[in-house]
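Working through the structure, step by step
Okay, here's what each chain looks like letter by letter:
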Amino acid sequence: QVQLVESGGGLVQPGGSLRLSCAASAFILDYYPIGWFRQAPGKEREGVSCISSSDGSTYYSDSVKGRFTIYRDNANKMVYLQMNSLKPEDTAVYYCATRRPDRLWCGTWSLYDYWGQGTQVTVSS
C-alpha cells in the first residue's frame, strides 16, 4: 500500500514562511510523481505544485509560482514544499499525493489517487 505522511503545518503571519514535509517510501520517490494540493473549507481541492519522478521537473500553479518551491530529498525519503510570502488566502489543509507512474506531466491533477492525511496551514495575523 501507498503511505504518505504530511507534517509542518501551523499558524504563521502573512508574509511568513513554512516548510511542509511529505514522507514517502523510497520506491514512491523513485517512480511516482508527487503533488501538493490544498483545500480550504467550502472550496474545492486544488493542485499547487508537483515534481516528476523521472527527470525531477516541477510545476507550480499561478497562485503560488514565485513563492513556493517543491523539492525532494531522496536520502531522507522526503518531498518538501517550501512556502514563502504566505498570504491569508493560502490558508487550507495541505495534502501530499501521488499516483501510479504514467507518461503524463505531473500537473495532471485529476490522476492523483493516493493521499496523505493532510496538515493545516493557517495564515493570519
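Everything quoted here is computed from the prediction, not taken from an experiment. (Residues numbered from 1 in each chain as written. Predicted model: local features only at pLDDT ≥ 70, side-chain atom pairs only at ≥ 80, totals over all residues. Heavy atoms only, no water.)

**Looking at the overall build of the protein**
To keep things clear, this is the line we draw: Starting at the N terminus, helices and strands are each numbered in turn, a helix being any DSSP run of H or I of at least four residues and a strand any DSSP run of E of at least two. Note on method: radius of gyration uses C-alpha positions; expected globular size equals 2.2 Å times residues raised to 0.38. When checking whether two residues touch, look at their non-hydrogen atoms; a contact exists if any pair is within 4.5 Å.
When you go through the protein residue by residue, the secondary structure sums to one helix and eleven strands. For a compact globule of 125 residues, the expected C-alpha radius of gyration is about 14 Å, and the protein comes in at 13 Å, within 12% of that figure. Projected onto its principal axes, the C-alpha coordinates of the protein cover approximately 40 × 25 × 25 Å. Counted over contacts in the protein with a minimum sequence separation of 6, partners at least 24 positions apart contribute 59%.

**Focus on the sheet that holds strand S8 (residues 78-83)**
Condition: Two strands are said to pair when DSSP picks up at least two bridges between them. To get an axis, a line is fitted to the C-alpha atoms, and for a helix only the part in contact is used. The angle between two axes follows their N-to-C directions and goes from 0 to 180 degrees.
Read across the open sheet, the four strands follow the order S1-S3-S8-S7; overall the sheet is antiparallel. On the outer flanks of this sheet lie strand S1 (5-7) and strand S7 (68-73), each paired with one strand and no other. The mean inter-strand angle of the sheet, taken between neighbouring strand axes irrespective of direction, is 20°. Sheet topology places S1 next to strand S3 (residues 18-23); three bridges connect them, and they run antiparallel. In the strand pairing of S3, Ser-7 is matched with Ser-21.

**Observations concerning the environment of Asp-73**
In plain terms, the rule: Burial here depends on accessible area, computed with a 1.4 Å probe over protein chains only, as a share of the maximum for the residue type. Under 20% is buried, over 50% is exposed, and the range in between is partly exposed.
Tracing the sequence through the fold places Asp-73 in strand S7. Assessed through its relative accessible area of 24%, Asp-73 is described here as partly exposed. Sequence-wise, Asp-73 and Ala-23 are 50 residues apart; in three dimensions their C-alpha atoms are separated by 9.9 Å. Contacts of Asp-73, omitting those with residues within four sequence positions, involve Leu-29, Met-78 and Tyr-80.

**Side note on the pattern of salt bridges**
Where we set the bar: For salt bridges, the criterion is a side-chain nitrogen of Lys or Arg within 4 Å of an Asp or Glu carboxyl oxygen.
A full pass over the atoms with the stated rule returns four salt bridges. As a salt-bridge pair, Arg-67 and Asp-90 come within 2.7 Å of each other at their nearest N and O atoms. On the criterion of sequence distance, the pair formed by Arg-67 in the loop between strand S6 (58-60) and S7 and Asp-90 in the loop between S8 and strand S9 (92-98) is long-range, its members being 23 residues apart. According to the relative accessible area criterion, Asp-90 is buried, its value standing at 0%. A salt bridge links Arg-99 to Asp-102; its shortest N-O distance comes to 2.8 Å. A residue is classified by how much of its surface remains accessible, and Arg-99, at 1% relative accessible area, is buried. Overlapping salt bridges, with partners in common, bring together Arg-38, Glu-46, Arg-67 and Asp-90 in one network.

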